[in-house]
Amino acid sequence: MARHEKTPTPRTRQCVCELIKTHFQTRAALAARTGLDKGALSRLLTDDEDDQRPATPQLVGKIVAVLPKKQSVALMTAFLADIAAIAALEHAVTYEVTVKQKVA
């Protein structure tokens, strides 16, 4: 399993939680409106870090499709910030391994 498949997306998670409170009231309502699998949505929103799954472009896209522009932009911004953080983390790990190999 690639590192990013288990890396949480906390900004996206927080944004989706806020959207549920302000626009959908329940996870079930969000799932019904977007056609998302309730299990996938629950894994994104769970507080249990061992069971959390990161947001995917498909999941975010389905939510964005049913939101007004302002909320869509907020969710996309959160998702892209999470992806940038994951990329930076993976780049740092790759760089560290490369440097250690060259030094050895």
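The following paragraphs examine the structure supplied in this document.

Next up on the list: the side chain of Asp 82. Secondary-structure assignment places Asp 82 in helix α5 (residues 69-103). There is a polar contact of 2.9 Å between the side chain of Asp 82 and the side chain of Arg 11. Dropping the residues within four chain positions of it, Asp 82 is found in contact with Thr 9, Pro 10, Arg 11 and Thr 12.

Moving on, we come to the pattern of salt bridges. Tallied over the full model, the rule gives two salt bridges. A salt bridge links Arg 11 to Asp 82; its shortest N-O distance comes to 2.9 Å. Linking Arg 11 in helix α1 (residues 10-24) with Asp 82 in helix α5, this pair joins segments that are 71 residues apart in sequence. Residue classification places Arg 11 among the partly exposed residues on the basis of a relative accessible area of 40%. Linking Lys 21 and Glu 18 is a salt bridge whose minimum nitrogen-to-oxygen distance equals 3.8 Å. With Lys 21 and Glu 18 both in helix α1 and three residues apart, the pair spans about one turn of that helix. Owing to a relative accessible area of 59%, Lys 21 belongs among the exposed residues under this scheme. A relative accessible area of 39% places Glu 18 in the partly exposed class.

Definitions and limits used
Residues numbered from 1 in each chain as written. Predicted model: local features only at pLDDT ≥ 70, side-chain atom pairs only at ≥ 80, totals over all residues. Heavy atoms only, no water. Helix = DSSP H or I, 4+ residues; strand = E, 2+ residues; numbered from the N terminus. Polar contact = N/O pair within 3.5 Å; in protein donor to acceptor, adjacent residues only side chain to side chain. Contact = heavy atoms within 4.5 Å. Salt bridge = Lys/Arg side-chain N within 4 Å of Asp/Glu carboxyl O. Buried < 20%, exposed > 50% of the residue type's maximum accessible area, 1.4 Å probe, protein only.

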